[in-house]
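Fold and contact review
So you can see what is in the structure, the chains are spelled out below.
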Amino acid sequence: MSQPEIAQQETIAAIATPVVSQQGSVSIVRLSGATAVAIARALFRAPGRQAWESHRILYGTIRHPDTQAIVDEALLLLMRSPRSYTREDVVEFHCHGGIVPVQQVLQLCVSRGARLAQPGEFTLRAFLNGRIDLTQAESVAELVGAQSVRASQVALAGLQGKLAQPLRQLRAGCLDILAEVEARIDFEDDLPPLDVDAVRDRLTAALHEVTDILATAERGELLRAGLAVAIVGRPNVGKSSLLNAWSRSDRAIVTELPGTTRDVVESQLVVGGIPVRVLDTAGIRDTGDRVEQLGVARSRAAAAAADLVILLVSAADGWTAEDAEIYGSVCDRPLLLVVNKVDLAPPERVRVPAAIAQVVPTVAARQEGIDALETAILSAVQADGIAIANTDIAINQRQAAVLTRAQVSLQHVSEAIAARLPLDFWTIDLRTAIRALGEVTGEDVTESVLERIFSRFCIGK
Ligand SMILES: Nc1nc2c(c(=O)[nH]1)N(C=O)[C@@H](CNc1ccc(C(=O)N[C@@H](CCC(=O)O)C(=O)O)cc1)CN2
Ligand SMILES: Nc1nc2c(ncn2[C@@H]2O[C@H](COP(=O)(O)OP(=O)(O)OP(=O)(O)O)[C@@H](O)[C@H]2O)c(=O)[nH]1
Ligand SMILES: [K+]
Ligand SMILES: [Mg+2]
């Protein structure tokens, strides 16, 4: 099959690397569009006999086209349409790191007629020119934002089409069924009767597949957004020690003085492939100290906002009235009870409320019990299966919302068949399901949906 002709658009330009000063030893300006090569030829001088061929690196200098003043010594990468990321002509200037050279080069590109790219516009063009589908484009943004190896594996699977492919097949299957049913509506007399059993079986299989894919949404949300876990409890039970043990760091100040921690202290971890933000908080108690009062208010706010609360108590003290008060204020939240300082007394010393099914013992001061804590957290958020799940795909919230529409419509079709409703009733819902599947892959998607998706990308992607 021959490649479709790519209609080259106006040329866009952006800095493709991070724009943080004094970071990175190489920075890249990227151009894509009809005049990309002409702009590059006006700005870049390659000494000797270097050919301007696709997928070649040229060495040379970037010069101001009017004054010939050298802006940077650089490498230039040329990728001609359609063999490029966008399928348009693409040129990259690989400049010295830092923001000054690339900003100057970007300005020069603009002065030669390029326009600054919108967020995600290179990837949008890759989508519009048919190199990737919408799920793959979304995976690009996900890969850039991934906070754990597992999250990046899932994004890569999406980028390789592991979600796009079954969805495209599902949609094609539904289109087949629709064609068969519609043929019976239009030319009933000329065709053999519809094999209703076969249609029902195919619909049931499609419905199962949609349901299986939808089941990956929760995992996707955990992998992308991660979890916020707040450690709360009385002063001195070892909250800061636990944060330090868990993050293998000295992130938080630990002393034997109650009321040491005054503010929320954060540490970013990865637990079972899930990005976890752990929050150490000020010990909760009644206090006349104004600063400590503000700290306690922040502890309560952190507990209220967290996805999971770790209530930390001390085996040395047992279950105190203060523990009970704090428990009362957080027991409506997803909660894990951790008994620290089990080197001083057995965990059974703590007589916890009957509603608490599980207790994790730790010795934070000696980094003991962290593995069991992580296991308990994963099962508390029902993420035990994430690391071992045999499928790589995990859909995002947009995809889940649209797929739910497809699921409901397919269910309606099944009901219409079971109720022996006329064929017109089947086709209405079948079309809705097909449209929804097309909205996930991008085969059938409105401009405003695209705008919403791509506006969340970073500049230069
Ligand atoms: N310097 C640089 N590094 C980069 C990128 C880039 O654009 N520039 N990428 C950007 O995100 C990623 C690589 N992704 C890419 C995907 C496809 C094509 C590409 O040219 N594909 C063509 C032709 C392939 C071929 O010659 O066979 C195609 O699929 O048609 C390039 C980069 C990561 N690293
Ligand atoms: N024996 C023993 N001591 C511990 C353990 N964990 C922490 N400690 C000690 O308990 C004291 C208080 O620890 P912190 O981590 O500062 O306690 P905290 O809950 O953060 O205290 P505040 O920030 O004041 O609320 C320190 O002296 C720690 O060394 C443990 O597992 N066993
Ligand atoms: K303390
Ligand atoms: Mg502390």
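What you are looking at is a predicted structure, and each value in this text was computed from that prediction instead of being measured. (Residues numbered from 1 in each chain as written. Chains lettered and ligands numbered in written order. Predicted model: local features only at pLDDT ≥ 70, side-chain atom pairs only at ≥ 80, totals over all residues. Heavy atoms only, no water.)

With that settled, consider the nonpolar core. Counting residues in each nonpolar core, the largest one holds 33 residues, and the members touching the most others are Leu 403 and Leu 410. Within the residue set of this core, elements represented by two or more residues are helix H6 (164-186), helix H7 (196-214), helix H13 (397-418) and helix H14 (423-441). Excluding residues within four positions of it along the chain, Leu 410 makes contact with Cys 174, Leu 203, Ala 206, Leu 207, Val 210, Leu 430 and Ala 433. Counting 29 residues, the second largest nonpolar core, distinct from the first, contains Leu 242, Val 271, Ile 274 and Leu 378. (Core = buried A, V, L, I, M, F, W, Y, C linked by side-chain atoms within 4.5 Å. Buried < 20%, exposed > 50% of the residue type's maximum accessible area, 1.4 Å probe, protein only. Helix = DSSP H or I, 4+ residues; strand = E, 2+ residues; numbered from the N terminus. Contact = heavy atoms within 4.5 Å.)

Summarising the metal site, the potassium ion (ligand 3) is bound by the protein donors Asn 236 (OD1), Thr 255 (O), Leu 257 (O) and Thr 260 (OG1), whose distances to it range over 2.5 to 3.0 Å. When the donors of the potassium ion (ligand 3) are listed by position in the chain, the intervening gaps give N-x18-T-x1-L-x2-T. Taken as a pair, the potassium ion (ligand 3) and the magnesium ion (ligand 4) show a spacing of 4.9 Å. You can call Thr 260 partly exposed: its relative accessible area is 28%. (Donors = N, O, S within 2.8 Å, 3.2 Å for Na, K, Ca; no water.)

It is worth spelling out the site of ligand 1 at this point. Within the structure, ligand 1 sits among Arg 30, His 55, Pro 82, Arg 83, Ser 84, Tyr 85, Glu 92, His 94, Arg 131 and Lys 461. Arg 83 places a polar side-chain atom, nitrogen or oxygen, 2.9 Å from an oxygen atom of ligand 1. In the complex, the protein chains occlude 53% of the 680 Å² of accessible area that ligand 1 would expose alone. Residues belonging to the shell around ligand 1 are distributed by class as follows: 2 nonpolar, 3 polar and 5 charged. (Near = heavy atom within 4 Å. Polar contact = N/O pair within 3.5 Å; in protein donor to acceptor, adjacent residues only side chain to side chain. Areas by Shrake-Rupley, 256 points an atom, 1.4 Å probe, with all protein chains shown as cover. Nonpolar A, V, L, I, M, F, W, Y, C, P; charged D, E, K, R; others polar.)

This paragraph deals with the pairing of strand S9 (residues 265-271). Of the two faces of S9, the one holding Val 265, Ser 267, Leu 269 and Val 271 is buried and the one holding Glu 266, Gln 268 and Val 270 is not buried anywhere. One ladder, built from 7 bridges, connects S9 with strand S10 (residues 274-280); its direction is antiparallel. Paired with Val 270 across the strands is Pro 275, a residue of S10. In this antiparallel pair of consecutive strands, S9 and S10, the connection spans 2 residues, and Gly 272 shows a positive phi of 55°. (Pairing = 2+ DSSP bridges.)

Moving on, we come to the packing of aromatic side chains. In this description, a pair of aromatic rings is defined by centroid distance and the angle of the planes. Counted according to the given criterion, the structure contains 4 aromatic pairs. Residues Phe 127 and Phe 454 carry aromatic rings whose centres are separated by 6.4 Å and whose planes lie at 35° to one another, so their mutual orientation is tilted. You can see Phe 127 sitting in helix H3 (residues 121-128) and its partner Phe 454 sitting in helix H15 (residues 447-454), a full 327 residues away along the chain. As far as the burial class goes, Phe 127 and Phe 454 line up, both buried. Arranged with centres 5.1 Å apart and planes meeting at 25°, the rings of Phe 454 and Phe 457 form a pair that is stacked. The exposure class assigned to Phe 454 is buried, which follows from its relative accessible area of 4%. Taking NZ or CZ as reference, Arg 30 lies 4.6 Å from the ring centre of Phe 122, over its face. (Phe/Tyr/Trp six-rings, centres within 6.5 Å; stacked < 30°, edge-to-face > 60°. Lys NZ or Arg CZ within 6 Å of the ring centre and 35° of its normal.)

The environment of ligand 2 is made up of 23 residues, and the closest members are Lys 239, Ser 241, Gly 259, Thr 260 and Thr 261. In the model, an oxygen atom of ligand 2 is placed 2.9 Å from a nitrogen or oxygen of the Gly 238 main chain. Taking Lys 239, its side chain carries an N or O atom lying 2.7 Å from an oxygen atom of ligand 2. For ligand 2, whose free accessible area comes to 640 Å², the fraction covered by protein is 87%. Sort the elements by how many residues they give to the shell around ligand 2 and helix H9 (residues 239-247) lands first, with 3 residues. Here the residues of the shell around ligand 2 are counted per class, giving 9 nonpolar, 10 polar and 4 charged.

A few words now on the packing of H7 against H13. Angle between the axes and distance between the axes are the two parameters that describe a pair of packed helices. Packing of H7 against H13 leaves a shortest axis separation of 10 Å and a crossing angle of 155°. As summarised for this structure, H7 and H13 are arranged roughly antiparallel, according to the angle between their axes. Read as a crossing pair, H7 and H13 show a hand that is left-handed. For the pair H7 and H13, contact is made by Val 196, Val 199, Arg 200, Leu 203, Ala 206, Leu 207, Val 210, Thr 211, Ile 213 and Leu 214 and by Ala 400, Leu 403, Thr 404, Gln 407, Leu 410, Gln 411, Val 413, Ser 414 and Ile 417, respectively. Its residues placed into classes, the contact of H7 with H13 shows 13 nonpolar, 5 polar and 1 charged. (Axes fitted to C-alpha atoms, helices over the stretch in contact; angles between N-to-C directions. Parallel < 35°, antiparallel > 145°, perpendicular 65-115°, else oblique. Left-handed = near helix turned anticlockwise from the far one by under 90°.)

A word on a nonpolar patch on the surface. On the surface, Ile 57, Tyr 59 and Leu 75 cluster together into a nonpolar patch covering about 260 Å² of accessible area. Relative to the assigned elements, Leu 75 resides in strand S5 (residues 70-79). (Patch = residues over 30% accessible without salt bridge, like charges linked within 9 Å, V, L, I, M, F, W, Y side chains within 5 Å. Salt bridge = Lys/Arg side-chain N within 4 Å of Asp/Glu carboxyl O.)

Looking now at the confidence of the model for the protein. Summarising the model, the protein shows a mean pLDDT of 94, and 97% of its residues fall at 70 or more. Across the assembled chains, the prediction reports ipTM 0.85 with pTM 0.87. (pLDDT = per-residue confidence, 0-100.)

What follows deals with the sheet that holds strand S1 (residues 12-15). Overall, mixed pairing links the 7 strands, which are arranged S3-S4-S5-S6-S2-S1-S7 in an open sheet. Of all strands in the sheet, those with a lone pairing partner are strand S3 (44-45) and strand S7 (115-116), marking the two edges. Summarising the sheet, S5 and strand S6 (residues 90-96) pair through 5 bridges and their orientation is antiparallel. Each bridged residue has a counterpart across the sheet, and for Leu 75 the counterpart in S6 is His 94. Seen against the sheet, helix H2 (residues 99-111) touches S1, strand S2 (26-32), strand S4 (56-63), S5, S6 and S7 and runs at an angle of roughly 15° to S2. Set on the sheet, H3 makes contact with S1, S2 and S7; between it and S1 the angle comes to about 135°.

Before going further, it helps to examine the UniProt feature "binding site: (6S)-5-formyl-5,6,7,8-tetrahydrofolate" (unreviewed entry) in the protein. Following the UniProt record, the feature "binding site: (6S)-5-formyl-5,6,7,8-tetrahydrofolate" (unreviewed entry) maps to Arg 30, Glu 92, Arg 131 and Lys 461 here. Residue classification places Arg 30 among the buried positions, given a relative accessible area of 8%. Along the chain, the position of Lys 461 falls in the segment after H15. Those residues in contact with Lys 461 that sit more than four places away from it in its chain are Arg 30, Tyr 85, Gly 120, Glu 121, Phe 122, Thr 123, Val 140 and Val 144. (UniProt positions renumbered as here; feature names shortened; annotations may be inferred.)

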